[in-house]
Amino acid sequence: MAYSLSDIPDLSGRVAVVTGANGGLGLETVKALAGAGAQVVMAARNPQKTTAAEAEIRALHPSASLEIVPLDLSSLASVRSAAQSILTKHDHIDILVNNAGVMAPPESQTADGFEMQFGVNHLGHWVFTAELLPALLRAAAARVVTVTSTAHHMGFAVDPSNPHMKGNYGPWKAYGQSKLANFHFAIGLQRVFDVAGVNVSSLVAHPGLSDTELQATSVSATDGGASQRFFHVLAGKTGMTPAQGAMPQIRAATDPNAKGGEFYAPRFVNNGAPVRRPILRRIDLASGIRTLWEVSVAETGTEIDVEAAAGR
């Protein structure tokens, strides 16, 4: 059955946090959650752009409950500061959408020396989620939705001996690794929640081919390399709108029937209505998750510790 904005239940009293909330899929996700009554924390990097996005949302939903928190996922100091700011104001968090990301830039490093895509797309969200765990655990039935991409199919599991691809960098290779990391993170996180026996769910979603700012930014950042130009043109001609592309993550975050460990994506791989898709690549799934956990803890110094977050 198709899932649309009209199917979102009343979210009054719920607190949602969305990263990359000031454009593209993130902005559309905030519109949907705020429109259904949730109090939404817009966690994003560019303050001017975020303020403009807030105005756009309020034009659609004048009574929207919105809050802006600066978040730069390329700096763990910023990530931890943003998380603490949110925890200070909110006793519980019902929905966390790990949406923000970068795609195929030239080789560069985060403030902490991580390869930019692995650092922003995965490690920043790893720490952000870990820091917000206490509030997620205090919600009645929280959900963490992590956004991956069809590129996770071409990605290789992170190499613990060279997680930042030094001397072996390729923009799309690194993007695929980071998106597979998102996939492994979401599935692995559900396994952690299951073992701990807590009422928090982790789901994964991908938007298919969507005509968002991410495509244009990728082309601009790389001076329009051939592959970037190809996907930018393809997205413009055949891609879904940001509103359509955001529906898988919106469904994962709001569908009362969605369950932890599930994967939501367009019906026809890159286009179509948001539907539950099977979990593929199961042969190396367990080892990929285990390696990602080891690398993430080693690189960030932060563990996903449910017992400690629950105060047990």
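Analysis parameters
- Residues numbered from 1 in each chain as written.
- Predicted model: local features only at pLDDT ≥ 70, side-chain atom pairs only at ≥ 80, totals over all residues.
- Heavy atoms only, no water.
- Helix = DSSP H or I, 4+ residues; strand = E, 2+ residues; numbered from the N terminus.
- Contact = heavy atoms within 4.5 Å.
- Areas by Shrake-Rupley, 256 points an atom, 1.4 Å probe, with all protein chains shown as cover.
- Axes fitted to C-alpha atoms, helices over the stretch in contact; angles between N-to-C directions.
- Left-handed = near helix turned anticlockwise from the far one by under 90°.
- Nonpolar A, V, L, I, M, F, W, Y, C, P; charged D, E, K, R; others polar.
- Parallel < 35°, antiparallel > 145°, perpendicular 65-115°, else oblique.
- Pairing = 2+ DSSP bridges.
- Phe/Tyr/Trp six-rings, centres within 6.5 Å; stacked < 30°, edge-to-face > 60°.
- Buried < 20%, exposed > 50% of the residue type's maximum accessible area, 1.4 Å probe, protein only.
- pLDDT = per-residue confidence, 0-100.
- Right-handed = clockwise from strand over helix to strand, strands pointing away.
- Expected span 1.5 Å × (residues − 1).
- Bend = angle between axes of the 7 residues up to and from the residue.

Draft legend 1. Inspection of the overall build of the chain at higher detail. Across its full length, the chain holds 11 helices and eight strands. Of all intrachain contacts in the chain linking residues separated by at least 6 positions in sequence, the fraction that spans at least 24 positions is 76%. Summing over all exposed atoms, the chain offers an accessible surface of approximately 12,700 Å²; the carbon and sulfur share of this is 53%.

Draft legend 2. Structural context of the packing of helix α1 (residues 24–35) against helix α2 (residues 47–60). Remark: α1 packs on α2, axes separated minimally by 10 Å, with the N-to-C direction vectors making an angle of 35°. Note on packing geometry: the crossing formed by α1 with α2 is right-handed. Facing Leu-27, Val-30, Lys-31 and Ala-34 of α1, the residues of α2 in contact are Ala-53, Glu-56, Ile-57 and Leu-60. A class-by-class count of the residues in the contact of α1 with α2 yields six nonpolar, no polar and two charged.

Draft legend 3. Representation of the packing of helix α5 (residues 171–196) against helix α10 (residues 285–300). Between α5 and α10, the shortest axis-to-axis distance is 9 Å and the interhelical angle comes to 90°. The pairing of α5 with α10 is recorded here as roughly perpendicular in orientation. Where α5 approaches α10, its residues Ala-181, Phe-183, His-184, Phe-185, Ile-187, Gly-188, Leu-189, Arg-191 and Val-192 are matched on the opposing element by Leu-285, Ala-286, Gly-288, Ile-289, Leu-292 and Trp-293. Class assignment of the residues belonging to the contact of α5 with α10 gives a composition of 11 nonpolar, three polar and one charged.

Draft legend 4. Highlighting the sheet that holds strand β8 (residues 274–277). Reading across the sheet, the eight strands line up as β3-β2-β1-β4-β5-β6-β7-β8 and stay open at both edges, with mixed pairing between neighbours. In this open sheet, the two strands that pair with only one neighbour each are β3 (65–70) and β8. On average, each strand axis in the sheet is tilted by 20° relative to the strand beside it, whichever way the strands run. As judged from the three bridges shared by strand β1 (residues 15–19) and strand β4 (residues 95–98), these two strands associate in the parallel manner. Residue Ala-16 lies in a different strand from β4, and its bridge partner there is Ile-95. Taken strand by strand, α2 contacts β2 (39–44) and β3, and its axis lies near 170° from that of β3. Contacts from α5 reach β4, β5 (142–147), β6 (200–205) and β7 (263–266), with the element oriented near 160° to β6.

Draft legend 5. Local environment of the packing of aromatic side chains. As enumerated under the stated definition, the model contains five aromatic pairs in all. Ring centres of Trp-126 and Phe-185 lie 5.8 Å apart, and the angle between their planes is 50°; this geometry places the pair in the tilted category. Of this pair, Trp-126 sits in helix α4 (residues 116–138) while Phe-185 sits in helix α5, and the two are 59 residues apart along the sequence. Judged by its relative accessible area of 1%, Phe-185 is buried.

Draft legend 6. Fine view of the confidence of the model for the chain. Averaged over the chain, the pLDDT score is 91; the fraction of residues at 70 or greater is 89%. Scored below 50 in pLDDT, residues 215–224 makes 21 contacts in the model with residues more than four places away or belonging to other chains. The low-confidence segment residues 226–237 (pLDDT under 50) makes 22 contacts with residues lying over four places distant or belonging to another chain.

Draft legend 7. Looking closely at the pairing of β4. By the alternation rule, side chains of β4 split into Ile-95 and Val-97 and Leu-96 and Asn-98, which are all buried. The sheet contact formed by β4 and β5 spans four bridges and is parallel. From the neighbouring strand, Leu-96 faces β5, where its bridge partner is Val-144. Once the chain exits β4 it traverses α4 before rejoining the sheet at β5, and the crossover so formed is right-handed.

Draft legend 8. Local environment of α4. Under the 1.5 Å per step criterion, the end-to-end length of α4 is 32 Å for 23 residues, consistent within 8% with the ideal 33 Å. The largest bend in α4 is about 50°, located at Leu-132, with the proline Pro-134 one to four residues further on. Among the 23 residues that make up α4, 21 are buried, leaving the element largely enclosed by the rest of the structure.

Draft legend 9. The side chain of Thr-146, seen in detail. Residue position: Thr-146 is located in strand β5. The residues touching Thr-146, leaving out its near neighbours within four places in the chain, are Asn-98, Asn-182, Phe-185, Ala-186, Leu-203, Val-204 and Ala-205.

Draft legend 10. Looking closely at the pairing of β5. Counting buried positions over the six residues of β5 gives six, a clear majority of the element. Judged by which residues are buried, β5 turns out to be covered on both faces: Ala-142, Val-144 and Thr-146 on one side and Arg-143, Val-145 and Val-147 on the other are all buried. Across six bridges, the pairing between β5 and β6 is parallel. Bridge assignment links Thr-146 to a residue of β6, and that residue is Val-204. Traced from β5 through α5 to β6, the parallel crossover comes out right-handed.

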